[in-house]
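# Descriptive structure summary
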Amino acid sequence: MGLERTLEMDYHYIHLSICRAALRPYMQPSVERLNDAEYAMAREQARIRAEVCLSAAVEYIHDLKPEDLETVWPAWSATAFSSICFQILEMAASSVDRKEADKWVACLRDVRRDMRLKADFLPCLHLGLLRIDSIFWKGVENVLHLEEHVRQAFAS
């Protein structure tokens, strides 16, 4: 069971890395668009894949138990949990409308809550929690340039 949970964490982290790479071209404001319709469709498909990936990773975090301590021991686990949080933040910050932004902000809130509740028995969550909380301590709007609908989602 332990190896299976470790491999599951590996899978989520690798899948997240691939999704982040697929999204990267659409996060640049100066990307040349040969065909706006194709660009919009490709961007939407990359966001859908990232959403599926993040939903599975969030569920993995939600299901963590004290006995999983040995399964998330690798040194990169702390980085993986931090990456999950920051990808959710990036999805929220790049949302196209208020509805989508609200969904990602709620997801980020839930993940932070889960990580905070589990950090006492899973120390590998501390880095991710500290890094994402630092953004909120500083003020998301002071760290990131947010469009108005995203700013409203974080404010609510």
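The following paragraphs examine the structure supplied in this document. This structure is a prediction, so every number in the text was calculated from the model and none was measured. (Residues numbered from 1 in each chain as written. Predicted model: local features only at pLDDT ≥ 70, side-chain atom pairs only at ≥ 80, totals over all residues. Heavy atoms only, no water.)

Before going further, it helps to examine the side chain of Ser 83. Within the secondary structure, Ser 83 sits in helix α3 (residues 76–93). Once residues within four sequence positions are removed from consideration, Ser 83 is found in contact with Tyr 13, Leu 16 and Arg 20. (Helix = DSSP H or I, 4+ residues; strand = E, 2+ residues; numbered from the N terminus. Contact = heavy atoms within 4.5 Å.)

Here the focus is the nonpolar core. Within the largest apolar cluster, 41 residues are counted, with the highest numbers of intra-cluster contacts made by Phe 81, Ile 84, Ile 88, Val 111, Met 115 and Phe 154. Elements that contribute at least two residues to this core include exactly α1 (2–23), α2 (36–63), α3, α4 (98–118), α5 (126–138) and α7 (148–155). Apart from the residues lying within four places of it in its own chain, the contact partners of Phe 154 are Leu 89, Ala 92, Val 105, Leu 108, Phe 136, Val 140 and Leu 146. (Core = buried A, V, L, I, M, F, W, Y, C linked by side-chain atoms within 4.5 Å. Buried < 20%, exposed > 50% of the residue type's maximum accessible area, 1.4 Å probe, protein only.)

On to the packing of aromatic side chains. Counted by the stated rule, this structure contains two aromatic pairs. One Lys or Arg, Arg 112, reaches over the ring of Phe 136 and ends 3.9 Å from the middle of that ring. A cation over an aromatic ring shows up here: Arg 131 above the ring of Phe 86, its NZ or CZ 4.5 Å from the ring centre. (Phe/Tyr/Trp six-rings, centres within 6.5 Å; stacked < 30°, edge-to-face > 60°. Lys NZ or Arg CZ within 6 Å of the ring centre and 35° of its normal.)

This part takes up the environment of His 145. By the secondary structure assignment, His 145 is in the loop between α6 (140–143) and α7. On the basis of relative accessible area, His 145 is assigned to the exposed category, the value being 73%.

None of the figures reported here should be taken as evidence of function without further support.
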